[in-house]
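Chains, contacts and geometry: an overview
In case you want the letters, here they are:
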Amino acid sequence: QEKLFDAVLANLGRLGYAGELLQKQYSFVDWFQSNNPERIAPAAAFGQTPQSYDSACFAVLLSNGRFGEQLVGDCRALGAPYAFEVREDHIVKWQVGRDLGSSREGLRIEPSHLDRIFKEHQQEWTGADVLRSKGIGFRLGPRQLDFIDLGLIPALEHQIRSKLDRLFHEIVQESIKLLPREGRNNPGNLRSIYRLIFRFLAGKVLHDRGIVPFRDFNNQTGRTDILHAVEHHYGERLPAPANIQLQDFIAATIWNQLDFRNLSVEVLAYIYENTLVDADTRRTFGTHSTPPSVARYIVHQIPFEKIAAGERKTLEPFCGHGVFLVAALQRLRELLPPTMDAQERHDYFVRMLQGFEIDEFAIEVSKFCLMLADFPNHNGWRLKPQDTFQSRDLGASLRDCRVLLSNPPFEDFTPKEKALCPAGTSVHKPVAFLNQVLGNLPSNGMLGVVLPRQFIDGRGYRDVREKLSKRFESADIVALPDGIFENSGVESVLLIRSEEHTSELQSRQYLVC
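So, here's what we can say about the structure. (Residues numbered from 1 in each chain as written. Predicted model: local features only at pLDDT ≥ 70, side-chain atom pairs only at ≥ 80, totals over all residues. Heavy atoms only, no water.)

1. Regarding the pattern of salt bridges
For the structure shown, the criterion picks out 24 salt bridges. Among the ionic pairs, Glu 364 bridges to Arg 195, the shortest N-O distance being 3.2 Å. Residue Glu 364 is located in helix α14 (residues 360-373), and its partner Arg 195 is located in helix α6 (residues 187-208); the two are separated by 169 residues in the primary sequence. With relative accessibility at 4%, the residue Glu 364 sits in the buried group. Between Arg 261 and Asp 259 there is a salt bridge, and its shortest N-O distance comes to 2.4 Å. Residue Asp 259 is classed as buried on the basis of its relative accessible area of 18%. Residues participating in the shared-partner salt-bridge network are Asp 30, Arg 39, Arg 66 and Asp 74. (Salt bridge = Lys/Arg side-chain N within 4 Å of Asp/Glu carboxyl O. Helix = DSSP H or I, 4+ residues; strand = E, 2+ residues; numbered from the N terminus. Buried < 20%, exposed > 50% of the residue type's maximum accessible area, 1.4 Å probe, protein only.)

Below you can see the structure in the form of structure tokens.
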């Protein structure tokens, strides 16, 4: 059995699962169980770093009294769609399902056939191909034929999000009770609670990821020590509320009840968007977070590979919690040579990615998500705390970029906001933004933008549609389903343009279901 186990790992290594991408004795939390027990997979193969449920490709399991559906069911929370169960005299390849008993037994592999089976499936079992099948990657080409979506990832994400959402709402409500009665309705105090929660959350994530000095912290570590370590990791001063009782409650709750091993960066974005953004902030800044799947889709429709490596500069003028920047970072990583070391890669990402955001708390979240996506590197990200519509730096940043990604506010300018804009600015924020882009984006620039449904035929968008048709040869217009934005009911579309105009406009329209 041990020899068979080693042989499976050797074959996974030949498919590219090596170094950080192949982990032995990999521990993770079982979110499908009520008490969230720890599980350990004898080995786990990942399609990319950081290791998480959305990058997991294969579990390698050893029959040891538990076998078959029971053994495979224990590893569902790993997030790998496939599992190799190593028995004493053969190997069984499983497709991992969402429920106990829903996993499907596939190949039974005899030891003498193992190398041949891996060679026959080498074009289907690589990290890029498995991630594409999971919806994490979008490499062009036919979907691998033997992959059947058993609903594992949606079920896992539902478990994680519902548990975290419930816990963090409880933390917020109990934290408010620790404020003086006269300050409980003060939006500024609520904002301070949100920031404090996220600081301790950041410290716990870094602890669970084994980052120095956080890995040596425990639930007895001083709260100020954790906060100072988070400040140092960010590389900047982060003021926090001085209420010691509040600090103790938040730190103790997060430290004792949460484990962020194997969790995706996008879970943190979800917590920010759905728990730590109050209604007033959402109304003020027009916050309607882009789902990660939409950001990944847009990024993978833009031909980054046609741009020289040193020119793939990407700008997000309304970066929020960084969903587009994280998606772009992951896309850029796919195109880099595997020989590039971690520091070189980090320096490259910092040069290529830039964002603007008016909400300073959102910038803090965005920096942390980028740091985790580029794990284990620290800060350095070029995120400017500026109002995109008032920024004096935006024009230069647009002229310097090759790829523009954005989900601008859909609202109209208020009279007060409109008075601060240059004469002739459209009252519609998406139109004003597109005019800024078209006035500054270089001739070989590409864009992927989320827009309200009215962009297709609304009168207020007529002029900017005409400018776009003169500028670009082709367009992909993707209609999104209703309810895709959890905090906005506005119908929306994606506009993806990547080729300069050479002849008549060719517009292709799709409906994504």
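2. Comments concerning helix α1 (residues 2-14)
Since the α-helix packs 3.6 residues into each turn, any two residues three or four apart lie on the same face. The end-to-end C-alpha separation of α1 is 19 Å, in line with the 18 Å expected for 13 residues at 1.5 Å each. Taken together, the buried positions of α1 are Leu 4, Phe 5, Val 8, Leu 9, Asn 11 and Leu 12. All buried residues of α1 fall inside an arc of 160 degrees around its axis, so they share one side. Every exposed residue of α1 that faces more than 90 degrees away from the buried side is listed here: Glu 2, Lys 3 and Arg 14. Tucked into the core, α1 has its buried residues touching β1 (22-29), β2 (38-46), β3 (56-62), β4 (82-86), β5 (91-95) and α3 (114-120). Immediately beyond the C-terminal end of α1, within one or two residues, lies Gly 16, with a positive phi of roughly 110 degrees. (Expected span 1.5 Å × (residues − 1). Arc of directions from axis to C-beta. Contact = heavy atoms within 4.5 Å.)

3. Examining the packing of aromatic side chains
One pass over the full model with this rule turns up 16 aromatic pairs. Judged by centre distance (5.4 Å) and plane angle (35 degrees), the ring pair of Phe 84 and Phe 118 falls under tilted. A residue pair is termed long-range when its members are at least 10 positions apart, and Phe 84 in strand β4 and Phe 118 in helix α3 qualify at 34 residues. Judged on exposure class, the residue Phe 84 and its partner Phe 118 are both buried. The side chain of Arg 76 reaches across the aromatic face of Phe 32, ending 4.1 Å from its centre. (Phe/Tyr/Trp six-rings, centres within 6.5 Å; stacked < 30°, edge-to-face > 60°. Lys NZ or Arg CZ within 6 Å of the ring centre and 35° of its normal.)

4. A look at the side chain of Ser 63
As for its placement among the helices and strands, Ser 63 is situated in the loop between β3 and α2 (68-73). For Ser 63, a relative accessible area of 18% translates into the label buried. When near neighbours in sequence (up to four residues on either side) are disregarded, Ser 63 contacts Gln 1, Leu 71, Glu 85, Val 86 and Arg 87.

5. Let's talk about the nonpolar core
Leu 201, Leu 353 and Phe 368 are the most contacted members of the largest nonpolar core, which has 111 residues in total. Not counting residues within four places of it along the chain, the set of residues in contact with Leu 201 comprises Phe 168, Ile 254, Leu 258, Phe 260, Leu 268 and Ile 271. In this structure, Phe 389, Leu 398, Leu 441 and Leu 447 belong to the second largest nonpolar core, which totals 29 residues. (Core = buried A, V, L, I, M, F, W, Y, C linked by side-chain atoms within 4.5 Å.)

6. Remarks on the packing of helix α12 (residues 323-335) against α14
Two elements in contact, α12 and α14, have axes separated by 10 Å at closest approach and are oriented at 20 degrees. As far as their axial angle goes, α14 and α12 are roughly parallel. Relative to α14, the crossing made by α12 is right-handed. Residues Leu 325, Val 326, Leu 329 and Arg 333 of α12 touch α14, and the partners they reach there are Ser 366, Cys 369, Leu 370 and Ala 373. The class makeup of the residues in the contact of α12 with α14 is six nonpolar, one polar and one charged. (Axes fitted to C-alpha atoms, helices over the stretch in contact; angles between N-to-C directions. Parallel < 35°, antiparallel > 145°, perpendicular 65-115°, else oblique. Left-handed = near helix turned anticlockwise from the far one by under 90°. Nonpolar A, V, L, I, M, F, W, Y, C, P; charged D, E, K, R; others polar.)

7. With respect to the pairing of β5
Most of β5 is tucked away: five of the five residues are buried. Burial of the side chains of β5 extends over both faces: Ile 91, Lys 93 and Gln 95 are buried on one face and Val 92 and Trp 94 on the other. As judged from the five bridges shared by β4 and β5, these two strands associate in the antiparallel manner. Bridge pairing in β5 links Tyr 82 to Gln 95. Hairpin geometry of β4 and β5 is characterised by an intervening segment of four residues between the two adjacent antiparallel strands. In terms of strand pairing, β5 meets strand β6 (residues 104-109) through four bridges, oriented antiparallel. Looking at the pairing, Ile 91 lines up with Ile 109 of β6. (Pairing = 2+ DSSP bridges.)

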